[in-house]
Amino acid sequence: MVDTNELRGIIAKNGKTQTDVAKMLNITPKTFYSRMKKGVFGSDEIQIMINELNINNPMEIFFVAEVTL
């Protein structure tokens, strides 16, 4: 599960929009928003975001355990 709040912050910190990231991943903005809502991205997409957004702590963003109560 992806920490979407943290990812949104990193996108903004890099001066990008979610639409910019969708283009970077070669997917439509609608698809990107859907994946953000579900909190799931493919490994290739994750690698592109790590590289392009200079993410230093990918484990804390892309591999967050879902907590169930």
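Presented here is a report on the structure given in the accompanying data block.

Reading the values: rules and limits
- Residues numbered from 1 in each chain as written.
- Predicted model: local features only at pLDDT ≥ 70, side-chain atom pairs only at ≥ 80, totals over all residues.
- Heavy atoms only, no water.
- Buried < 20%, exposed > 50% of the residue type's maximum accessible area, 1.4 Å probe, protein only.
- Helix = DSSP H or I, 4+ residues; strand = E, 2+ residues; numbered from the N terminus.
- Arc of directions from axis to C-beta.
- Contact = heavy atoms within 4.5 Å.
- Core = buried A, V, L, I, M, F, W, Y, C linked by side-chain atoms within 4.5 Å.

### A few points about helix H4 (residues 43–52)
So, point 1. Among all positions in H4, only Glu-45, Ile-46, Met-49 and Ile-50 are buried. Along the axis of H4, the buried positions cluster into a sector of 135 degrees, meaning they face one direction only. Exposed side chains of H4 directed beyond 90 degrees from the buried face belong to Ser-43 and Asp-44.
So, point 2. Each element contacted by the buried residues of H4 is listed here: helix H1 (4–13), helix H2 (18–24), helix H3 (29–38) and helix H5 (58–62).
So, point 3. Taken from the residues just after H4, Asn-54 is the one with a positive phi, measuring 50 degrees.

### Comments concerning unusual backbone geometry
So, point 1. Backbone geometry places Asn-26, a non-glycine residue, at a positive phi of 60 degrees.
So, point 2. Taking relative accessible area as the criterion, Asn-26 reaches 70% and is therefore assigned exposed.
So, point 3. Backbone geometry at Asn-54 places phi at a positive 50 degrees, although glycine is not the residue there.
So, point 4. Mapped onto the fold, Asn-54 is located in the loop between H4 and H5.

### Digging into the nonpolar core
So, point 1. Counting 18 residues, the largest nonpolar core has Leu-7, Phe-32, Phe-41, Met-49, Leu-53 and Phe-62 as the members making the most contacts within it.
So, point 2. For this core, the secondary-structure elements that each account for two or more residues are H1, H2, H3, H4 and H5.
So, point 3. For Leu-7, the residues in contact, after removing those within four places along its chain, are Val-2, Met-36, Phe-41, Met-49, Leu-53, Ile-55, Ile-61 and Phe-62.

### Side note on the environment of Ile-46
So, point 1. Here Ile-46 shows up in helix H4.
So, point 2. The spatial distance from the C-alpha of Ile-46 to the C-alpha of Ile-61 is 9.9 Å, given a sequence separation of 15 residues.

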